[in-house]
Amino acid sequence: MSVINVTDADGKRIPVTGLAVRYVLLLAVLALTVGPFLWQLSTSLKGPHEDIFSSPPKFLPGEPTLDNYTRVAQTIPVWDYALNSLKVAAANVVTNCVGAALAGYALARMRYRGRRAATLAFILAMLVPVEGIIIAQFTTMRDLGLNNTLLGVLLPGSIGAMNVLLMRNAFLNLPSEVEEAAYVDGANVWQRFLRIALPSVKGTLAVVAIFAFMGAWDDFLWPLIVLSDPENFTLTIGLNYLHGTFANDERLVAAGTIIAVLPLIVLFACLQRFFFRGVGEGAVKG
């Protein structure tokens, strides 16, 4: 009877007991992370006559139906709210990718006085909690006349400090010889940035895009403060109204949750191969 040998990345043999423990831990993490989403999905597909609080709980719906999703659209203008969220999230992706790439390249590859101080400023910006500056943000948007507008929702998060540092680390990992050769050939800063540096960090750009989209799409506190007109509400604010109106109908709440999460799943599915490649681009130098 042959024994299957399993080795780790260094070629060392993994004992059967250790392998079993790893799989148990992986399954436990999977249950904790994916389990709540699958339960919400199951609840959203259950009909009005099914008991969602039965004991023991039934995971699979007895009579699956999409009626709950229709009822969500009939209760609140969920697609209008989703469109507002999509506008803010898409604009946030563009501003973060462009701004973080430019700032990261300047911090990593250009030489000037105050570069370290600028890097330290971005690091310190990550340490400041949002709640500590949200009043200043609100008064700034009010003075600019941007309260109750989607632009007012967008501006405070248009360039994230973490995204800038991610791009900086990715640019630091690029071989300096390639850029020096382009400099000798007469390439200016913009040509070196657009034709050499930027195409080499597509993975990190995908990471920044995913983080920017998720941050804007899931944001609840800032849109709640700056928006007052229901026509400008984002999806997170609209779903809050759904939960407040139908607090006893968990099926509608679950359906609204799935509607909100689905675009994030689609985005990650489209960019996952770039995402995992980009996570390691900035992991060598800091």
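Located above this text is the structure these notes cover.
Engineer: An account of the overall build of the chain is requested, with residue identities and associated values reported.
Structural biologist: Helices and strands together make up the secondary structure of the chain, namely 13 helices and 0 strands. Counting across all 286 residues of the chain, residues that qualify as buried make up 35%. Relative to all contacts within the chain whose residues are 6 or more apart in sequence, the contacts with residues 24 or more apart total 72%. Of the accessible surface of the chain, which amounts to about 17300 Å², a share of 66% is contributed by carbon and sulfur atoms.

Engineer: How would you summarise the packing of aromatic side chains if you had to cite specific residues and measurements?
Structural biologist: A complete count under the given rule lists 6 aromatic pairs for this structure. For the ring pair tyrosine 81 and phenylalanine 233, a centre distance of 6.2 Å and an interplane angle of 50° mean the geometry is tilted. Highlighted residues: tyrosine 81 in helix H3 (residues 78-109) and phenylalanine 233 in the loop between helix H11 (221-226) and helix H12 (235-245), separated in sequence by 152 residues. Both residues of the pair, tyrosine 81 and phenylalanine 233, count as buried. Counting every residue linked through ring pairs, the aromatic cluster contains Tyr105, Phe171, Trp190 and Phe193. Positioned over the ring face of tryptophan 39 is lysine 46, at 4.9 Å from the centre of the ring.

Engineer: Outline the packing of H3 against helix H10 (residues 202-218), listing residues and values.
Structural biologist: Running from amino to carboxyl end, H3 crosses H10 at an angle of 145°, the nearest separation of the two axes being 8 Å. Once H3 is placed against H10, the crossing between them reads as right-handed. Between H3 and H10, the contacting residues are Ala82, Ser85, Leu86, Val88, Ala89, Asn92, Val93, Asn96, Cys97 and Ala101 on the first element and Leu205, Val208, Ala209, Ala212, Phe213, Ala216 and Trp217 on the second.

Engineer: Just give me the short version of the pattern of salt bridges, but keep the residues and values in it.
Structural biologist: Tallied over the full model, the rule gives 1 salt bridge. In this structure, the salt-bridge partner of aspartate 143 is arginine 142, at a minimum N-O distance of 3.9 Å. Assessed through its relative accessible area of 62%, aspartate 143 is described here as exposed.

Engineer: Could you give an account of a nonpolar patch on the surface, with specific residues and numbers?
Structural biologist: A contiguous nonpolar patch, built from Leu27, Leu30, Val34, Leu38, Phe59 and Leu60 and spanning about 550 Å² of accessible area, is present on the exposed surface. Assignment of secondary structure puts leucine 30 in helix H1 (residues 16-44).

Engineer: So what's going on with the side chain of serine 158? Which residues, and what values?
Structural biologist: Turning to its location among the elements, serine 158 is positioned in the loop between helix H6 (150-154) and helix H7 (161-172). We classify serine 158 as buried; its relative accessible area is 17%. A polar contact is formed between the side chain of serine 158 and the backbone oxygen of leucine 155, at a distance of 2.9 Å. Contacts of serine 158, omitting those with residues within four sequence positions, involve Asn92, Thr95 and Asn96.

Engineer: Residues and numbers for the environment of valine 94, please.
Structural biologist: With respect to the helices, strands and loops of the structure, valine 94 is situated in helix H3. Along the chain, valine 94 and isoleucine 159 lie 65 residues apart, while their C-alpha atoms are 9.5 Å from each other.

Engineer: Please give an account of helix H2 (residues 67-75) that cites residues and values.
Structural biologist: Of the positions making up H2, those classed as buried are Asn68, Tyr69 and Val72. On an axial view of H2, the arc spanned by its buried residues comes to 100°, and they lie on one face.

Engineer: Which residues make up the nonpolar core, and what values do they have?
Structural biologist: Counting 49 residues, the largest nonpolar core has Val72, Met167, Phe171, Trp217 and Leu235 as the members making the most contacts within it. Here the element with the most residues in this core is H3; it accounts for 12 residues.

Engineer: Provide a residue-level description of the environment of threonine 234, including the pertinent values.
Structural biologist: Structurally, threonine 234 is set in the loop between H11 and H12. When the C-alpha atoms of threonine 234 and tryptophan 217 are compared, they prove to be 8.2 Å apart, with 17 residues separating the residues in sequence. Apart from the residues within four sequence positions on either side, threonine 234 is in contact with Tyr81, Asn84, Ser85, Pro223 and Leu227.

Engineer: Which residues make up the environment of phenylalanine 274, and what are the values?
Structural biologist: Structurally, the position occupied by phenylalanine 274 is in helix H13 (residues 250-279). Taking the C-alpha atoms as reference, phenylalanine 274 lies 4.5 Å from glycine 203; in sequence the two are 71 residues apart. Apart from residues no more than four positions distant in its own chain, phenylalanine 274 is found in contact with Gly203 and Ala206.

Scoring rules and cut-offs
- Residues numbered from 1 in each chain as written.
- Predicted model: local features only at pLDDT ≥ 70, side-chain atom pairs only at ≥ 80, totals over all residues.
- Heavy atoms only, no water.
- Helix = DSSP H or I, 4+ residues; strand = E, 2+ residues; numbered from the N terminus.
- Buried < 20%, exposed > 50% of the residue type's maximum accessible area, 1.4 Å probe, protein only.
- Contact = heavy atoms within 4.5 Å.
- Areas by Shrake-Rupley, 256 points an atom, 1.4 Å probe, with all protein chains shown as cover.
- Phe/Tyr/Trp six-rings, centres within 6.5 Å; stacked < 30°, edge-to-face > 60°.
- Lys NZ or Arg CZ within 6 Å of the ring centre and 35° of its normal.
- Axes fitted to C-alpha atoms, helices over the stretch in contact; angles between N-to-C directions.
- Left-handed = near helix turned anticlockwise from the far one by under 90°.
- Salt bridge = Lys/Arg side-chain N within 4 Å of Asp/Glu carboxyl O.
- Patch = residues over 30% accessible without salt bridge, like charges linked within 9 Å, V, L, I, M, F, W, Y side chains within 5 Å.
- Polar contact = N/O pair within 3.5 Å; in protein donor to acceptor, adjacent residues only side chain to side chain.
- Arc of directions from axis to C-beta.
- Core = buried A, V, L, I, M, F, W, Y, C linked by side-chain atoms within 4.5 Å.

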